[in-house]
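Chain by chain, the residues run as shown.
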Amino acid sequence: MQEAKYINTTCSICGHNQCGVIVKLVDDKVVQIMPNREDPMSKGSICPKSIASVQLLYHPNRLKYPMKRAGPRGSGKWKRVSWDEALGEISEKLLQVKSEYGPEAVVMARGTNRGSWIRLFNRFANSFGTPNWTESGGAQCFTPRSIAQQLTFGGIALEWPDAESSKTIMVWGADPPASWAPKSRKIVNSKSGGSKVIVVDPVMSNMASKADVWLPVRPGSDVALAMGMINVIISEKLYDQEYVEKYTVGFESLKERVAPYTPDKVSEITWVPSDRIIEAARLFATNRPSSIAISATFDEIVDPIQLGRAVSIISAITGNVDVRGGNIFPETAGQIYVDTNDFIMIESLPEDLDKKRLGAQRYPLLSRYLKINFPMAHYPTILDAIITGEPYQIRAMFIMGGNPKLSIANSDRAAEALNKVDFLAVADLFLSKTAEMADIVLPVASWLEYDGLADSAQATYGHLRIRQKVATVGEAQSDTWIMIELAKRMNLKGFWNSEREYLDYILSPTGMTFEQLKGKGGIIYHEPDIGSKLRNGFNTPSKKIELYSERLKGWGYDPLPFYNEPFESPYSTPEVAKQYPLVLTTGRRVSAYFHTAQRNVPALRDIYPDPIVEINNDTAKKLGISDGDKVRVETRRGFVIMKAKLTQGIHPRVVGVQHGWPDIANDNRLTDNTACAVGIGSTTLRGLLCNIRREKQ
Ligand code: SF4
């Protein structure tokens, strides 16, 4: 046996955190993943997914070779083919569709950011020439909340609470211990040092259990809660008058707008006691500096733009934007390396094609108005186009790192569309539910199997760091390699001859190559320049924080935030509520899984063996449901079967289901993909109506 080797590298299973880890190798085999306590960013944060990566890496069901369908679609019959044949056939098919039907007939869709290749994928699609590139997240994750913040601050700040310097941290619609290991560490450290924590979550999450104030908001009514908090802050004159005068526009209009959102009124809407709304607003506004941590919940309610705007405004009027201990703007793109909007070659798409982007007319905030968030096609509209042929027929689809068969709202419709498309190629680590339907599947390398770069993510910032190849599994290749090889075969502009050339290009502004960066410790870190916006002006037309948005007004939207009842609720659809009396929140996360992945990793499945529905004890008792029972949760769209977890930590009229499970436990069998958010197209995943009953055990 050789002496053990230890390699510093970067985990990126979840793509959002980029934690520094140490990989232990014995006889060139990975035997252990450990936290790197010396890492300047993650400082030893790690989650079970990373620790269990040894099992994922050597999992017997990994896709090891490219495969081609050898029977009817979905029959499970495959034949092994060479990379040359697989890539050749994909290139040929995509080019053939492009020349016969136009590039818009090809959809390029991606899922998670498992290796910092999102923008390369955007470049790939734009260089190919299709306006129809999209993401499973798309209108459901990050984009809406970042657009709301771009409109308000001219940048993104709520993603980055400077939590270790905050005296109050408000965690809204997120459970950092489940999803954000480094952010969670910062918040918990800050709390241990005496800071206060407010948590807004319908369910008593891990983070909520540590909170000083917990606001169990009715799913989907978050905007009303935010408006109520603004009302308290303004009416009690707790706002930062000097900051508001100097750095914001539209305060008087805002004051008028929030006047009707009194704590009593908001309590009626949100089911949060009014004294708790007042307590939270006072704490946040007076125990400063205060910061806010948010997450994908913001993008999954009936009106994500309003929520992003309203919560941004809480931070702004209390003087907590761009200050130490508040919410900050790391904005490393373009400062450290070339990963800018130019990089994705947005402008290479001709205007006539841009106009054909599916969903662009109806959801212009997602697709057209602000070319700052990678304008994309609307996934549900794409699926409709595949099924109906309107406004034109989609012929081919190339999916990387995505599993829309499970992850898109109303997943039965997604399955129908995937089945109908003429040609489907999927790149993934395993034969996912989506890959099962493909014509060709490509085996993708895990984070341990390729050299790469990891950039600033939602939970960490200001850094660029390397990821190192420490293992090889079959013929699996990185997503980046796959795109570069396809680009070569299709003669796409703006690509490289090899992965290494690409990495060196990305690093070129630093004056270092990949090897040189590796030799220098593998990390570049930039301290955020806190206060630069206050000094130099915000990146908005007024150069100030826009509480009132002239841009929204100009585009025909309300310039001030307002509350919209969910499209389906006890108040908006009382008739539906007779049959489906409970309010449903879907999408709950646990630390062992990232979206639909990792259920097949034994060490992780041991931690969370079953799909869980959380139900209030009293409600369960009335319905004859005991803890651990099999329960059927049903909406107007469909039903799931999950295991009941009884708790006092949820409102008696609310139930919460976990996200990402396959088959009969897939929460997207319950969700709707037709009632999409105005302007941005998000489907509602939080705040639906359901009923539950005990299943035969
Ligand atoms: Fe890896 Fe994400 Fe877990 Fe960090 S939080 S260890 S990056 S999976």
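Residues numbered from 1 in each chain as written. Predicted model: local features only at pLDDT ≥ 70, side-chain atom pairs only at ≥ 80, totals over all residues. Heavy atoms only, no water.

(A) Fine view of the sheet that holds strand 8 (residues 168-172). Pairing within the open sheet is parallel, and its four strands lie in the order 10-9-8-12. Looking along the sheet, the strands with just one partner apiece sit at the ends: strand 10 (213-215) and strand 12 (290-294). On average, each strand axis in the sheet is inclined to that of its neighbour by 15°, with strand direction left out of account. Summarising the sheet, strand 8 and strand 12 pair through five bridges and their orientation is parallel. By the bridge assignment for strand 12, V171 is matched with A293. Contacts from helix 8 (residues 222-235) reach strand 8, strand 9 (196-200) and strand 10 within the one sheet, and its direction differs from that of strand 8 by about 155°. (Pairing = 2+ DSSP bridges. Helix = DSSP H or I, 4+ residues; strand = E, 2+ residues; numbered from the N terminus. Axes fitted to C-alpha atoms, helices over the stretch in contact; angles between N-to-C directions. Contact = heavy atoms within 4.5 Å.)

(B) Structural context of the pattern of salt bridges. Counted according to the given criterion, the structure contains 41 salt bridges. Residue R500 is joined to D451 by a salt bridge in which the shortest nitrogen-to-oxygen separation is 2.6 Å. Of the two residues, R500 sits in helix 20 (residues 499-507) while D451 sits in the loop between strand 15 (440-443) and strand 16 (452-455), which places them 49 residues apart along the sequence. Judged by relative accessible area, R500 falls into the partly exposed class, the value being 29%. Salt bridges sharing partners connect three or more residues here, namely D84, E485, K488 and R489. (Salt bridge = Lys/Arg side-chain N within 4 Å of Asp/Glu carboxyl O. Buried < 20%, exposed > 50% of the residue type's maximum accessible area, 1.4 Å probe, protein only.)

(C) Spatial organisation of the site of the ligand. Contacts to the ligand come from C11, I13, C14, N17, Q18, C19, I46, C47, K49, S50 and A181. Of the residues that constitute the shell around the ligand, the class distribution is seven nonpolar, three polar and one charged. (Near = heavy atom within 4 Å. Nonpolar A, V, L, I, M, F, W, Y, C, P; charged D, E, K, R; others polar.)

(D) Representation of the domain arrangement of the chain within the structure. Partitioning the chain into domains gives domain 1 (67-141 + 336-454 + 463-525), domain 2 (143-330 + 532-554) and domain 3 (574-694). The gap between the C-alpha centroids of domain 2 and domain 3 is 27 Å. Each side of the interface is counted separately: domain 2 has 23 residues, and domain 3 has 21 residues. On the domain 2 side of the interface with domain 3, the three residues burying the most area are V203, W271 and E300, jointly 36% of the side's total. The interface formed by domain 2 and domain 3 includes two salt bridges. For E300, the salt bridge is made with R686, and the minimal N-O distance between the two is 2.7 Å. Counting every contact that joins domain 2 to domain 3 gives four residue pairs in polar contact (both at pLDDT 80 or more). Those elements that provide at least two residues to the side of domain 2 that touches domain 3 are helix 5 (143-153), helix 6 (176-179) and helix 13 (304-317). Here the side of domain 2 that touches domain 3 is built from residues that sort into 15 nonpolar, four polar and four charged. (Domains from an automatic or database assignment. Buried area = accessible area lost by both parts, 1.4 Å probe. Polar contact = N/O pair within 3.5 Å; in protein donor to acceptor, adjacent residues only side chain to side chain.)

(E) Region of interest: the packing of aromatic side chains. Taken as a whole and assessed by the stated rule, the structure comprises 17 aromatic pairs. Each ring, one from Y239 and one from F251, has its centre 4.6 Å from the other, and the planes form 45°; the classification is tilted. Separated by 12 residues along the polypeptide, Y239 in the loop between helix 8 and helix 9 (241-247) and F251 in helix 10 (residues 251-258) bring together distant segments of the chain. For the pair Y239 and F251, a shared accessibility class is recorded, and that class is buried. (Phe/Tyr/Trp six-rings, centres within 6.5 Å; stacked < 30°, edge-to-face > 60°.)

(F) Seen up close, the side chain of T647. Looking at the secondary structure, you find T647 in strand 23 (residues 639-647). Among the residues examined, T647 registers a relative accessible area of 17% and is labelled buried. A distance of 2.7 Å separates the side chain of T647 from the backbone nitrogen of G649, its partner in a polar contact. If near-sequence neighbours (up to four positions away) are discounted, T647 is found in contact with E614, I615, N616 and N617.

(G) Layout of the side chain of S312. Looking at the secondary structure, you find S312 in helix 13. Judged by relative accessible area, S312 falls into the buried class, the value being 0%. In this structure the side chain of S312 is engaged in a polar contact, spanning 2.6 Å, whose partner is the backbone oxygen of G308. Each residue touching S312, except ones within four places of it in the same chain, is listed here: Q149, T152, F153 and L158.

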